[in-house]
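This is what each chain is made of:
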Amino acid sequence: MNSGNSKVNLMSQDEMYDPSLSASRLLNGDRIYHYDLYDPPFYILSRYEDISYALREPDIFIEGHGNGPNFIDSSNGVLSDGEHHTLIRRIVQPNFLMGSIARLEERLEEIAEELLDDVMEEDTWDIHDNLSFPLPVIIICEILGIPTDDIHKFKRWADATVEQMCSEDPQQFEKELSHMRDYLLDLILKKRKHNEDSTLLSRIAHSKINSNYLSDDEAVNLTVQIFVAGNETTTSLISNLVWRLMTIDNLWEDFVNDKIDINNAINESLRYDPPLLGLFKTTSKEVNIEGNIIPKNSKVMMHYGAANRDPVIFKNPNTFDLTRDGSKVISFSVGVHICLGRELARLETRVTLNALKKRFPNLKLINEGERVGPFLFWGRKKLPVSHK
Ligand code: HEM
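Residues numbered from 1 in each chain as written. Predicted model: local features only at pLDDT ≥ 70, side-chain atom pairs only at ≥ 80, totals over all residues. Heavy atoms only, no water.

The helix and strand tally for the protein stands at 17 helices and 14 strands. Expressed along its principal axes, the backbone C-alpha trace of the protein runs to roughly 60 × 55 × 35 Å. With 388 residues in all, the protein has 56% of them scored as buried. Long-range pairs, those at least 24 residues apart, make up 68% of the contacts in the protein between residues at least 6 apart in sequence. Working note: accessible area of the protein is about 17300 Å², and carbon and sulfur atoms make up 47% of it. The average position of the 43 basic charges and that of the 60 acidic charges among the side chains of the protein differ by 3 Å. (Helix = DSSP H or I, 4+ residues; strand = E, 2+ residues; numbered from the N terminus. Buried < 20%, exposed > 50% of the residue type's maximum accessible area, 1.4 Å probe, protein only. Contact = heavy atoms within 4.5 Å. Areas by Shrake-Rupley, 256 points an atom, 1.4 Å probe, with all protein chains shown as cover. Lys, Arg positive; Asp, Glu negative; His and termini not counted. Charge placed at Lys NZ, Arg CZ, Asp CG, Glu CD.)

Counting residues in each nonpolar core, the largest one holds 125 residues, and the members touching the most others are Trp125 and Leu356. Among all residues touching tryptophan 125, those that are not within four sequence positions of it are Leu116, Val119, Asn130, Leu131, Leu356, Phe360, Leu363, Leu383, Pro384, Val385 and His387. (Core = buried A, V, L, I, M, F, W, Y, C linked by side-chain atoms within 4.5 Å.)

Across the junction of aspartate 39 and proline 40, the peptide omega takes the value 5°, indicating a cis bond. In this fold, proline 40 is placed in the loop between strand 1 (32-35) and strand 2 (42-45). Of note, asparagine 210 is a non-glycine position whose phi angle comes to about 50°, a positive value. Along the chain, asparagine 210 turns up in the loop between strand 5 (208-209) and strand 6 (212-213). One non-glycine residue, asparagine 297, lies in the positive phi region at around 65°. Secondary-structure assignment places asparagine 297 in the loop between strand 9 (292-294) and strand 10 (299-302).

Below, the discussion takes up the coordination of the iron atom of the ligand. Protein coordination of the iron atom of the ligand is limited to a single donor, Cys339 (SG), which sits 2.3 Å from the metal. Mapped onto the elements, cysteine 339 comes out in the loop between helix 16 (304-307) and helix 17 (342-359). (Donors = N, O, S within 2.8 Å, 3.2 Å for Na, K, Ca; no water.)

To continue, consider the layout of surface pockets. By volume, the second largest pocket is sized at about 250 Å³. Surrounding the second largest pocket, 17 residues form its lining, Tyr17, Asp18, Pro19, Arg244 and Trp378 being those nearest its centre. Element by element, the count of residues in the lining of the second largest pocket is highest for helix 13 (residues 232-247), at three residues. (1 Å grid on protein atoms, 1.4 Å probe; cavity = no way out; pocket = protein on both sides within 12 Å on 5 of 7 lines; lining within 4 Å. Points joined across faces, edges and corners; volume = space filled by probe spheres on them.)

Close to the ligand lie 28 residues; His85, Arg89, Ser333, His337 and Cys339 are nearest. Within the side chain of glutamate 63, a nitrogen or oxygen atom sits 3.2 Å from an oxygen atom of the ligand. A distance of 3.5 Å separates an oxygen atom of the ligand from a polar backbone atom of valine 78. For the shell around the ligand, the elements supplying multiple residues, two or more each, are helix 4 (82-92), helix 12 (216-229), helix 13, strand 7 (279-283) and helix 17. When residues of the shell around the ligand are assigned to their parent elements, the largest contribution, three residues, is made by helix 13. (Near = heavy atom within 4 Å. Polar contact = N/O pair within 3.5 Å; in protein donor to acceptor, adjacent residues only side chain to side chain.)

Turning our eyes to something else, we now look at helix 15 (residues 262-272). Because an α-helix packs 3.6 residues into every turn, residues spaced three or four apart end up facing the same way. Within helix 15, nine of the 11 residues are buried, which leaves it mostly tucked inside the rest of the structure. Regarding helix 15, the residues found buried are Ile262, Ala265, Ile266, Asn267, Glu268, Ser269, Leu270, Arg271 and Tyr272. In this structure, the buried residues of helix 15 make contact with helix 13, helix 14 (251-256) and helix 17. The distance from a side-chain oxygen at the start of helix 15 to the backbone nitrogen of asparagine 263 is 2.7 Å, and the residue carrying that oxygen is aspartate 261.

This part covers the packing of helix 8 (residues 134-144) against helix 12. It is the contact of helix 8 with helix 12, at a shortest axis distance of 9 Å, that shows an interaxial angle of 150°. Looking at the two axes, helix 8 sits roughly antiparallel to helix 12. Our pair here, helix 8 against helix 12, has a crossing hand that is right-handed. Where helix 8 abuts helix 12, its residues Val137, Ile140, Cys141 and Leu144 lie against Thr223, Ile226 and Phe227. Tallied by class, residues from the contact of helix 8 with helix 12 come to six nonpolar, one polar and no charged. (Axes fitted to C-alpha atoms, helices over the stretch in contact; angles between N-to-C directions. Parallel < 35°, antiparallel > 145°, perpendicular 65-115°, else oblique. Left-handed = near helix turned anticlockwise from the far one by under 90°. Nonpolar A, V, L, I, M, F, W, Y, C, P; charged D, E, K, R; others polar.)

Taking strand neighbours across the sheet as the criterion, the five strands line up as 1-2-10-7-3 in an open arrangement whose pairing is mixed. Unpaired on one side and paired on the other, strand 1 and strand 3 (61-62) mark the two borders of the sheet. Bridging between strand 2 and strand 10 involves three bridges; their strand directions are parallel. Within the sheet, the bridge partner assigned to tyrosine 43 lies in strand 10 and is valine 300. (Pairing = 2+ DSSP bridges.)

Right, let's get into the packing of helix 9 (residues 151-166) against helix 10 (residues 174-193). Remark: helix 9 packs on helix 10, axes separated minimally by 9 Å, with the N-to-C direction vectors making an angle of 125°. On the basis of the axis angle, helix 9 is oblique to helix 10. As for the relative orientation of helix 9 and helix 10, their crossing is left-handed in sense. In contact with Lys153, Phe154, Arg156, Trp157, Ala160, Thr161 and Gln164 of helix 9, helix 10 contributes Glu174, Glu176, Leu177, His179, Met180 and Tyr183. Residue composition of the contact of helix 9 with helix 10, by class: six nonpolar, three polar and four charged.

By themselves, these are just geometric observations and shouldn't be taken as functional.
Below, the structure written as structure tokens:
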């Protein structure tokens, strides 16, 4: 039973519209919240201290049953645990180290400029559709070595993947997703026929564990995980930040006049508007947090959105404060599964926002657009603007 003040309903209209309501209800409620409005029911951790502890205990809070609320059978790619996870992560890690990411800056600037050229003559356009959605897709396709000729098809697939992760009826997305898997497997097998090149897909195709190539299933899943993890989330970081700068006080004007440090702004956006409100782990044994029990084999949501507003860690947590120390923000997770693409996401956002303010200092929001669909995600799927 939950003894908290208000019952949390992550999928209700008010909490979908403003997830900070879920955060405050959770932080004022039971330390381990039993959420029974989803099938299967799950537990939610909301205190910063508890999430930070759980993420640093990967043998107890395991990844292998998927990071959504449903129990997934197959454990592979980066959605795995222990030594297997270490080996898989080692395959893809080099492309995401600081040095590799820094080399992408010039190319990202070009992409941002091209996307902004396309809307230059428009009276109104959309931050999501024209800028924050295509940019991360193009760059991740280029890193992987996937053709960028049909990014709308990839968008459909990425959307289906995140909707499947959050849905009580995951089966309904299978048909669409089987097209994506076939497409990627075909590319991987072609890469395997040739000598290894500098693309990440080629590395995945040629990598071996214990002298064996990754299975088709694992190679495809790993590619999908990289592809999907980096798109919806970075898109939302860019849109959310533009949205807040345009709607709070005179922040856009201050940004245009170089009075705002973009790195602080990115950290504060990640804290205040985490693109992923939470992800799930599964308990490998019973957990006792100061007398509060989570049974073995339970799905547990790490509610980053709540932890980022825990007043024990963040003073005046409900204020968007660009002078805050962002080092404790937990939106990229911590521990062995810490987000692989965090430096890429930061760079993409920095480059995009800088290009935007240079080209369109008079940018105005037309309205607040629309929220993205799945309840674990927080971003704008529409954010219409004008610069005329
Ligand atoms: C603002 C953008 C992003 C946010 C908020 C974000 C957030 C996260 C979070 C919360 C995790 C989960 C860690 C866990 O299971 O404990 C994660 C993992 C991951 N992210 Fe990101 N991410 C972003 C961008 C990216 C990008 C651009 C990539 C590029 C490839 C990426 C690739 C990954 C991968 C591969 C993992 C799995 C790592 C593992 O399990 O070892 N992410 N991310």
